[in-house]
Amino acid sequence: MSAPCLLLDDVTRVHGDGPTAVPALSGVSLSVHPGELVAVMGPSGSGKSTLLNLAGGLDRATSGRVVIEGQDVGALGSRALAELRRRHVGFVFQDYNLIPALTAAENVALPLELDGQRVRDARRAAVQSLELMGLGELVDRYPDQMSGGQQQRVAFARALVGGRRLVLADEPTGALDTHTGEEVLRVLRERCDAGTAGLLVTHEARHAAWADRVVFLRDGVVVDTTGDPSDAEDLLETEPVR
Ligand SMILES: Nc1ncnc2c1ncn2[C@@H]1O[C@H](COP(=O)(O)OP(=O)(O)OP(=O)(O)O)[C@@H](O)[C@H]1O
Ligand SMILES: [Mg+2]
């Protein structure tokens with residue numbers, strides 16, 4: 001099998017210290033290979049966002065190892081880590097996080113320009129990425145001229161532009177209606193089929209069904225992993241769904 005895009009080895013994250021310390025994640029190990037989409041499920045406060053932030057190098061582990069595209073995050077200084085994130089990791093958040101004053105193409109081109117690409121080259125790559133998301137007609141629209149689903153697809157286009165192979169999505173369908181949510185996940189699934197590695201936080205079994213595997217967290221610990229996402233429904237029946 002190919003090398004994983006993402007590897008977590010016995011990762012622990014404790015927030016704060018002393019008597020107020022909160023162990024948000026304890027001894028979590030996980031790998032995601034190119035072409036794989038892994039769903040992360042669990043009750044509120046179980047550590048899903050903590051896991052995603054560590055997986056993308058937005059946060060550092062208290063102990064254990066996080067390796068992104070072969071680079072050990074713990075060994076990198078903050079500048080090298082920022083560069084690793086920009087080159088290799090795409091984030092998609094629940095509320096899109098697009099810049100309102102920039103068009104779709106400008107939003108998608110921004111990470112490339114920050115990385116030193118020429119404006120014209122960055123725009124070409126941005127338009128291509130938007131076309132892959134079915135937004136070729138909307139590249140010059142501003143976020144407030146697009147539907148929620150279209151904005152979320154712009155966010156995915158930005159996450160995947162420039163050949164980044166690791167996409168991390170934290171409840172990316174939260175603000176979307178059912179139909180649009182499914183549409184966005186189908187696009188993510190297609191990108192993973194084309195070789196991207198994806199980690200998707202969701203609290204809906206229906207959405208986890210798009211994944212190859214589901215990892216269940218409870219109180220910061222992986223309590224179950226299933227190779228068959230359709231089992232998610234049964235396992236969740238014992239969970240306090242929020
Ligand atoms: N910056 C922080 N400082 C202190 N505690 C934190 C911090 N971030 C998260 N926590 C705690 O860590 C635990 C895990 O939080 P996390 O946000 O990862 O949960 P989650 O599974 O994403 O929840 P939700 O489904 O509500 O988004 C919780 O107990 C939370 O209160
Ligand atoms: Mg969260």
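You'll find the structure just up there.
All values reported here derive from a predicted model rather than from experimental measurement.

What counts and how
- Residues numbered from 1 in each chain as written.
- Chains lettered and ligands numbered in written order.
- Predicted model: local features only at pLDDT ≥ 70, side-chain atom pairs only at ≥ 80, totals over all residues.
- Heavy atoms only, no water.
- Buried < 20%, exposed > 50% of the residue type's maximum accessible area, 1.4 Å probe, protein only.
- Helix = DSSP H or I, 4+ residues; strand = E, 2+ residues; numbered from the N terminus.
- Pairing = 2+ DSSP bridges.
- Core = buried A, V, L, I, M, F, W, Y, C linked by side-chain atoms within 4.5 Å.
- Contact = heavy atoms within 4.5 Å.
- Near = heavy atom within 4 Å.
- Polar contact = N/O pair within 3.5 Å; in protein donor to acceptor, adjacent residues only side chain to side chain.
- Areas by Shrake-Rupley, 256 points an atom, 1.4 Å probe, with all protein chains shown as cover.
- Nonpolar A, V, L, I, M, F, W, Y, C, P; charged D, E, K, R; others polar.
- Axes fitted to C-alpha atoms, helices over the stretch in contact; angles between N-to-C directions.
- Phe/Tyr/Trp six-rings, centres within 6.5 Å; stacked < 30°, edge-to-face > 60°.

Of the two faces of strand 6 (residues 89–92), the one carrying V89 and F91 and the one carrying G90 and V92 are both buried. Relative to strand 7 (residues 166–170), strand 6 is paired through four bridges, and the arrangement is parallel. Bridging across to strand 7, V89 finds its partner in L166.

The subject of this paragraph is the nonpolar core. Counting residues in hydrophobic clusters, the biggest one holds 40 residues, and the most contacted among them are L130, V154, F156 and L188. Only strand 3 (37–41), helix 3 (104–114), helix 4 (119–132), helix 5 (148–160), strand 7, helix 6 (178–193) and strand 9 (213–218) provide two or more residues apiece to this core. Apart from the residues within four sequence positions on either side, L188 is in contact with L37, F156, V167 and L200. Among the nonpolar cores identified, the runner-up in size contains 29 residues, and L8, V28, L51 and L52 belong to it.

A few words now on the site of ligand 1. Near ligand 1 there are 12 residues, and of these S44, G45, K48, S49 and T50 occur at the shortest range. Contact between ligand 1 and K48: an oxygen atom at 2.7 Å from a side-chain N or O atom of the residue. Within the side chain of T50, one N or O atom sits 2.6 Å away from an oxygen atom of ligand 1. Surface burial for ligand 1 is 58%, taken as the share of its 640 Å² of free accessible area covered by protein chains. Elements that contribute at least two residues to the shell around ligand 1 include exactly strand 2 (22–32) and helix 1 (48–55). A per-element tally of the shell around ligand 1 places helix 1 first, with three residues. Here the shell around ligand 1 is composed, by residue class, of three nonpolar, seven polar and two charged.

This part takes up the sheet that holds strand 6. In spatial order, the strands read 6-7-8-3-9-10; together these six strands make up an open sheet with mixed pairing. A strand with exactly one partner marks an edge of an open sheet, and here the two such strands are strand 6 and strand 10 (221–226). Sheet twist, expressed as the average angle between the axes of neighbouring strands with direction ignored, equals 20°. Docked against the sheet, helix 2 (residues 78–88) engages strand 6 and strand 7, running at close to 75° with respect to strand 6. Against the sheet, helix 5 engages strand 6 and strand 7, with an angle of about 165° to strand 6.

What follows covers the sheet that holds strand 1 (residues 6–15). Pairing is antiparallel across the open sheet formed by four strands, whose spatial order is 2-1-4-5. Each end of this open sheet is capped by a strand with a single partner; those strands are strand 2 and strand 5 (71–72). Relative to strand 5, strand 4 (residues 63–68) is paired through two bridges, and the arrangement is antiparallel. Residue pairing in the sheet places I68 in a bridge with Q71 of strand 5. Where helix 1 meets the sheet, it contacts strand 1, strand 2 and strand 4, and its direction lies at approximately 125° from that of strand 1.

This part covers the packing of aromatic side chains. Within the structure shown, the criterion is met by one aromatic pair. Each ring, one from F91 and one from F93, has its centre 5.8 Å from the other, and the planes form 10°; the classification is stacked. Residue F93 is classed as partly exposed on the basis of its relative accessible area, which comes to 28%.

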